[in-house]
Amino acid sequence: MFRWCKFISTKTNILLGLSHILTLVLQELNLLCKRDVNGVGMLYDLLRSHWLQALLKIYECLQNYLGKRPMPVTLQARALNREAMLSAHDTVAQKDFEPTLPPLPDNIPENEEAMRIVCLVKNNQPLGATIKRHEITGDITVARVINGGLADRSGLLYAGDKLVEVNGVPVEGLEPEQVINILALSQGTIMFKLIPVSDRPVSNQTTLYVRAMADYCPLQDPAIPCADAGLPFKKGEILQIVDQNDALWWQARKVSDLSACAGLIPSNHLLKRKQREFWWSQPFQPHLCLKSSILEEDILGYRTSCLHFTGFRRSMRLCRRKSWNNQQSCYARCPSSCYSALAAPYEEVVRYQRHPADRNRLIVLVGPAGVGVNELRRRLISSNPREFQSAVPHTTRVQKSYEMNGREYHYVSKETFENMVYSHRMLEYGEYKGYLYGTSVDAVRTVLDEGKICVIDLEPQGIQIARTHELKPYIIFIKPSSISCMRQTRKNARIITDYYVNMKFKEEDLQEMEDSAKKMEDQFGQFFDQVIVNDNLQEASAQLLSAVHRAQDEPQWVPAMWICSDTQP
Ligand SMILES: Nc1ncnc2c1ncn2[C@@H]1O[C@H](COP(=O)(O)OP(=O)(O)OP(=O)(O)O)[C@@H](O)[C@H]1O
């Protein structure tokens, strides 16, 4: 060893080259190896290794680089990397880094429950979980974890977990409200000590979309387990149901805001019960339209350049109005269907896009008398009679000399008409001056079969009859603007009453229109696919045209039974 050091120290001039030095060292070592000196063999192998050779070469290159211009060192570096990395890997792999744990004590009881510490950081958002007290044991447990909420996203809390401590405070013996108080007062990190639920429910929920058929306000519902976690909704809104594990309280979010955390809504069963109680406490109140009396029938069908527009007949409109006032005909003949619609709190819906080869969807306009339903419909049809058409109504009255069967009306016998009613082929019908008038499914089908878009107006009670797999109606509610606006816009407008053909709007007509519209929305708003406020006539007409095209060309939410089964109504 002494000889080497001396040798090296005398040759430290770097210009001689480290490789050269190494060669000399190896020669020396080779001699020692032959003499079988202890440990020299290993040192000899080490110094002869390729990676050391490569390292020295790089070192030399770098020295040269410092003195001269840069030289490529890639090849040498590659050699170094591969060998060095493998060597480092082997060294690390052979080491044991596991901490040494102390042995378990012998006296642990076999039924000891595993405790878990869960820390959640609460930053101005609710925890997204509700708690309850077990009726028998008195334990405070997690009742539900709200889908998409803080607790759910953490993946650390589950329904059924038993709380032991919250922020170091033992919860045993506390009321749920007291625990909620601790949580409400906590800022930042909340620490739960809990015993995890033993059999965590496996989530096999399928997402369901429904149309709400009733309004719901959690803050006014004393039965909801946690009003703050409730999801308020209005009839007609589309909800995405994400959890139905609880028979009474489901979790849902609105499709208009799918990024929001879910909220609690009453289950189908629960809402049905609530709704039934409400329904029986609210007797049916028909809206009062203009009072009926006798009048000569008159044709109000508009004629433009020899085109006959059907379905605008005055007697038909008056008879419909009478039916609405008297709660006869349509309403009387379908109490069960109207009731069942109101009794079904949620209607399952799916996204439907009409195939271009399919028949057009029926367009149904609904609105209070005088709001402008016929004006808007007439304008739509006149804008393109090849595309839009109304359905020709049926009547039992005698055909007049200037009329043509199938143009103004389909003239049928009373017996035929009644047969059509009994076989559910009438969308709506009524009696006026001893004659029956009605709009039939056949008349609508005739228009649709011609590839046209059929546009009809119905009293709201007729909506349920029209809502079939075959017709797939798109319901547009024509809503009056405010009375003050109508005073301006309806200055020159004329209404049809039973007394006068063209009468100016009186103040009470406007008021009645507003009241009637409100009642229609209250009772049938869930069926409206679109609401158009008829303030400015041009704008309302344009909105109607685009809504009608949207109904045919864009995906819409429709009852699932229209799509899922060909045999369903
Ligand atoms: N936005 C509007 N601005 C001004 N006038 C309007 C507007 N909408 C409708 N009108 C006029 O109001 C009157 C009543 O309209 P329309 O006959 O269409 O009512 P309706 O809803 O069909 O009711 P009914 O079936 O009882 O006649 C018509 O003179 C119509 O031109």
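Residues numbered from 1 in each chain as written. Predicted model: local features only at pLDDT ≥ 70, side-chain atom pairs only at ≥ 80, totals over all residues. Heavy atoms only, no water.

With an unreviewed UniProt entry as reference, the chain is termed MAGUK p55 scaffold protein 4, source organism Anas platyrhynchos platyrhynchos. Annotation of the chain in UniProt includes, under Sequence similarities (unreviewed entry), the sentence "Belongs to the MAGUK family." (UniProt positions renumbered as here; feature names shortened; annotations may be inferred.)

*Asks:* Please provide a residue-by-residue account of the overall build of the chain, values included.
*Replies:* When helices and strands are counted, the chain shows 19 helices and 25 strands. Considering the chain as a whole, with its 569 residues, one finds that 42% of them fall into the buried category. Total accessible area on the chain is roughly 31,800 Å²; 54% of this is exposed by carbon and sulfur atoms. (Helix = DSSP H or I, 4+ residues; strand = E, 2+ residues; numbered from the N terminus. Buried < 20%, exposed > 50% of the residue type's maximum accessible area, 1.4 Å probe, protein only. Areas by Shrake-Rupley, 256 points an atom, 1.4 Å probe, with all protein chains shown as cover.)

*Asks:* Break down the packing of aromatic side chains for me, with residues and values.
*Replies:* Each pair of aromatic rings is reported with the distance of its centres and the angle of its planes. Per the counting criterion, the structure on display carries eight aromatic pairs. Grouped by ring-pair contacts, the aromatic residues Tyr216, Phe233, Trp250 and Tyr346 constitute a single cluster. (Phe/Tyr/Trp six-rings, centres within 6.5 Å; stacked < 30°, edge-to-face > 60°.)

*Asks:* Describe the nonpolar core, naming the residues involved and giving the relevant values.
*Replies:* Core analysis: the biggest nonpolar cluster contains 26 residues, and Ile363, Ile476, Leu544 and Val548 have the highest contact counts within it. Every element with two or more residues in this core is listed here: β14 (363–366), α12 (373–383), β20 (453–457), β21 (474–480), α16 (483–489), α17 (507–524) and α18 (537–553). A total of five residues in this core trace back to one element, the largest contributor, which is α18. Residues within four places of Ile363 in sequence aside, it is in contact with Ile453, Cys454, Val455, Ile456, Tyr474, Ile476, Val548, Ala551 and Gln552. (Core = buried A, V, L, I, M, F, W, Y, C linked by side-chain atoms within 4.5 Å. Contact = heavy atoms within 4.5 Å.)

*Asks:* Please provide a residue-by-residue account of α18, values included.
*Replies:* The terminal C-alpha atoms of α18, which comprises 17 residues, lie 24 Å apart, in line with the 24 Å expected from a rise of 1.5 Å per residue. Residues of α18 that are buried include every one of Ala540, Ser541, Leu544, Ala547, Val548, Ala551 and Gln552, and no others. Summarising the axial view, the buried residues of α18 lie within an arc of 130°, below the 170-degree limit, and thus occupy one face. Along α18, exposed side chains directed more than 90 degrees from the buried face belong to Gln538 and Glu539. Put simply, Asn536 is the residue that caps the front of α18, since its side-chain oxygen is 2.9 Å from the backbone nitrogen of Gln538. (Expected span 1.5 Å × (residues − 1). Arc of directions from axis to C-beta. Polar contact = N/O pair within 3.5 Å; in protein donor to acceptor, adjacent residues only side chain to side chain.)

*Asks:* Residue-level account of the pairing of β20, with values.
*Replies:* Taken across its five residues, β20 has five buried, putting it largely inside the fold. Going residue by residue along β20, you find Ile453, Val455 and Asp457 tucked away on one face and Cys454 and Ile456 tucked away on the opposite face as well. In this sheet, β20 lies alongside β14 in parallel orientation, the contact comprising three bridges. When the sheet's bridge partners are listed, Val364 is paired in β20 with Ile456. Where strand β15 (residues 388–389) and β20 come together, two bridges link them in parallel fashion. Residue pairing across strands places Gln389 opposite Cys454, the latter belonging to β20. (Pairing = 2+ DSSP bridges.)

*Asks:* Give a detailed account of the sheet that holds strand β16 (residues 394–395), specifying residues and quantitative values.
*Replies:* One open sheet holds the four strands; their spatial order is β17-β16-β19-β18, and the pairing between them is mixed. One side of each edge strand has no neighbouring strand; the edge strands of this open sheet are β17 (410–411) and β18 (426–432). Note: β18 against strand β19 (residues 435–440), six bridges, orientation antiparallel. Bridging across to β19, Met426 finds its partner in Ser440. Across the sheet, helix α13 (residues 414–422) lies against β16, β18 and β19, angled at about 45° from β19, the strand it touches most. Most of the contacts of helix α14 (residues 441–449) go to β19, to which it runs at about 40°, and overall it touches β17, β18 and β19. (Axes fitted to C-alpha atoms, helices over the stretch in contact; angles between N-to-C directions.)

*Asks:* Could you give an account of the sheet that holds strand β9 (residues 249–254), naming the residues involved and the relevant values?
*Replies:* Read across the open sheet, the six strands follow the order β10-β9-β8-β7-β13-β25; overall the sheet is antiparallel. Edge positions in the sheet fall to β10 (263–266) and β25 (556–559), since each has one partner strand and no second. Averaged over all neighbouring strand pairs, the angle between strand axes comes to 50°, with direction disregarded.

*Asks:* Outline a nonpolar patch on the surface, supporting the account with residue identities and numerical values.
*Replies:* Residues Leu46, Trp51 and Leu55 make up a contiguous nonpolar surface patch of roughly 260 Å² in combined accessible area. Secondary-structure assignment places Leu55 in helix α4 (residues 50–67). The exposure class assigned to Leu55 is partly exposed, which follows from its relative accessible area of 36%. (Patch = residues over 30% accessible without salt bridge, like charges linked within 9 Å, V, L, I, M, F, W, Y side chains within 5 Å. Salt bridge = Lys/Arg side-chain N within 4 Å of Asp/Glu carboxyl O.)

*Asks:* Just give me the short version of the packing of α12 against α18, but keep the residues and values in it.
*Replies:* Contact geometry of α12 with α18 gives a least axis separation of 10 Å together with a crossing angle of 65°. The two elements α12 and α18 cross, and the hand of that crossing is right-handed. Between α12, through Glu375, Leu376, Arg379 and Leu380, and α18, the contact on the second element is made entirely by Leu537, Gln538, Ala540, Ser541, Leu544, Leu545 and Val548. Taken together, the residues that form the contact of α12 with α18 break down as seven nonpolar, two polar and two charged. (Left-handed = near helix turned anticlockwise from the far one by under 90°. Nonpolar A, V, L, I, M, F, W, Y, C, P; charged D, E, K, R; others polar.)

*Asks:* Summarise the pattern of salt bridges; cite the residues concerned and give the values.
*Replies:* One pass over the full model with this rule turns up 23 salt bridges. Across the pair Lys452 and Glu450 runs a salt bridge whose closest N-O atoms are separated by 3.9 Å. For Glu521, the salt bridge identified is with Lys479, shortest N-O distance 3.3 Å. With Glu521 in helix α17 and Lys479 in strand β21, this residue pair connects regions lying 42 residues apart in the sequence. Within this structure, Arg359, Arg425, Asp442, Arg445, Asp449 and Glu470 form a network of salt bridges that share partners.

*Asks:* Report on helix α3 (residues 40–48), specifying residues and quantitative values.
*Replies:* Within α3, burial applies to Val40, Tyr44 and Leu47. Projected down its long axis, α3 carries its buried residues within an arc of 70°, all on one side.

*Asks:* Give me the lowdown on the environment of Glu177, citing residues and values where you can.
*Replies:* Relative to the assigned elements, Glu177 resides in helix α7 (residues 176–185). Assessed through its relative accessible area of 54%, Glu177 is described here as exposed. Linking Glu177 and Arg133, residues 44 residues apart in sequence, is a C-alpha distance of 9.9 Å.

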